[in-house]
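A structural walkthrough
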Amino acid sequence: MHRLLSLVFSAFTFLLAVAGAIESPQYTVIHSESDFEVRLYRKSVWMSAPTDQISFEKATRLGFHRLFQYIQGANLNSSRIRMTAPVVTSIVPYAGPLHSSAYYVRFYLPLKFQGSPPVPLPELHLHSDEWDSHCIAVRKFSGFARDNNVIKEAEKLAVSLNQTSWGEFTFADTDAYSIAQYDSPFHFVGRTNEVWVNIGAEAPGCESKHAYAY
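- As named in an unreviewed UniProt entry, the protein chain is Heme-binding protein 2-like, taken from Zingiber officinale.

What follows is the structure in structure tokens.
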């Protein structure tokens, strides 16, 4: 089963990388530093797969397997949904079983389905999340996103933010962050991953209502 899920995830992400003209959530960069930037994302709808795994890698793989079934037609309309990027795994420390992290794996719905997302089959345990326009602080990192490096990358972003005025507008009470992955596992050089941290609506340029999606 583990091997099957790995093959499904690898096959899908390979198709994601080669499909061409892949849709992504739209944003405007409103501030740039040498090691991070702040983006204002437009309103968007995502399909979310919560998981009870205690590993980032396992949560991403198993959550994405359910999302893969959904976009392949496991929804009430039997709609097949085109690939999008990135795949986002949101992490909320201490919110899972035995104070472990809680994970939510998310798929951005193409514009065609933003207004009326196909309803997933109940057994997939998926739900749609509507995000209002809001700001996200972003740090890029290369290589593969693994259990042993995602926390370190999130900590680096937190340090960078706290060295600027943007640190005043992060949601320190939740310590939540997300990992966005853009590349196929077959892409070994020049990989692009990102750490995302939500920025409050009171920050300059982020006056739109902020949506929490947990």
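Remarks on the overall build of the protein chain
- Summing up its helical and strand segments, the protein chain has four helices and nine strands in all.
- Burial statistics for the protein chain: of 214 residues in total, 50% are counted as buried.
- Once local pairs closer than 6 in sequence are excluded, the contacts in the protein chain between residues at least 24 apart make up 74%.

Quick look at the state of the cysteines
- Enumeration according to the criterion identifies one disulfide in this entry.
- Paired by a disulfide, cysteine 135 and cysteine 206 hold their sulfur atoms 2.0 Å apart. Note on the cysteine 135 and cysteine 206 pair: the S-S dihedral is about -95 degrees, so by sign convention the disulfide is left-handed. With cysteine 135 in strand β7 (residues 134-141) and cysteine 206 in the segment after β9 (193-199), the pair connects residues that are 71 residues apart, well separated along the chain.

Observations regarding unusual backbone geometry
- The step from alanine 85 to proline 86 runs through a cis peptide bond, and the omega angle for that step is 0 degrees.
- Examined against the element boundaries, proline 86 turns out to sit in the loop between α2 (56-71) and β4 (87-92).
- The phi angle at serine 78 is positive, at roughly 55 degrees, despite the residue not being glycine.
- Tracing the backbone shows serine 78 in the loop between α2 and β4.

Looking at the nonpolar core
- By size, the foremost hydrophobic cluster in this structure holds 23 residues, and its most contacted members are Phe56, Leu161, Trp166, Tyr177, Ile179, Val195 and Ile199.
- Broken down by secondary-structure element, the contributors of at least two residues to this core are α2, β7, α4 (150-162), β8 (177-181) and β9.
- Per-element accounting of this core gives the leading share, four residues, to α4.
- Once residues lying within four places of it in the same chain are set aside, the contact partners of phenylalanine 56 are Thr89, Ile91, Tyr103, Ala145, Arg146, Asp147, Val150, Ile179 and Gln181.
- Counting 17 residues, the second-largest nonpolar core is a separate cluster that includes Val45, Phe64, Ile71 and Met83.

Observations regarding the pairing of β4
- Of all the six residues making up β4, six are buried; the element is thus mostly covered by neighbouring parts of the structure.
- Of the two faces of β4, the one holding Val87, Thr89 and Ile91 and the one holding Val88, Ser90 and Val92 are both buried throughout.
- Both β4 and strand β5 (residues 102-108) contribute to a ladder of six bridges, which runs antiparallel. Looking at β5, one finds that valine 87 is bridged to phenylalanine 107.
- As judged from the five bridges shared by β4 and β8, these two strands associate in the antiparallel manner.

Looking at the sheet that holds β8
- The antiparallel open sheet is built from nine strands, whose spatial order is β1-β2-β7-β9-β8-β4-β5-β3-β6. A strand with exactly one partner marks an edge of an open sheet, and here the two such strands are β1 (27-32) and β6 (127-131). In this sheet, neighbouring strand axes are inclined to one another by 30 degrees on average, regardless of whether the strands run parallel or antiparallel.
- This element, α4, spans β7, β8 and β9 of the sheet and lies at about 120 degrees to β7.

Here is what the cut-offs are and how they apply
- Residues numbered from 1 in each chain as written.
- Predicted model: local features only at pLDDT ≥ 70, side-chain atom pairs only at ≥ 80, totals over all residues.
- Heavy atoms only, no water.
- Helix = DSSP H or I, 4+ residues; strand = E, 2+ residues; numbered from the N terminus.
- Buried < 20%, exposed > 50% of the residue type's maximum accessible area, 1.4 Å probe, protein only.
- Contact = heavy atoms within 4.5 Å.
- Disulfide = S-S within 2.5 Å.
- Core = buried A, V, L, I, M, F, W, Y, C linked by side-chain atoms within 4.5 Å.
- Pairing = 2+ DSSP bridges.
- Axes fitted to C-alpha atoms, helices over the stretch in contact; angles between N-to-C directions.

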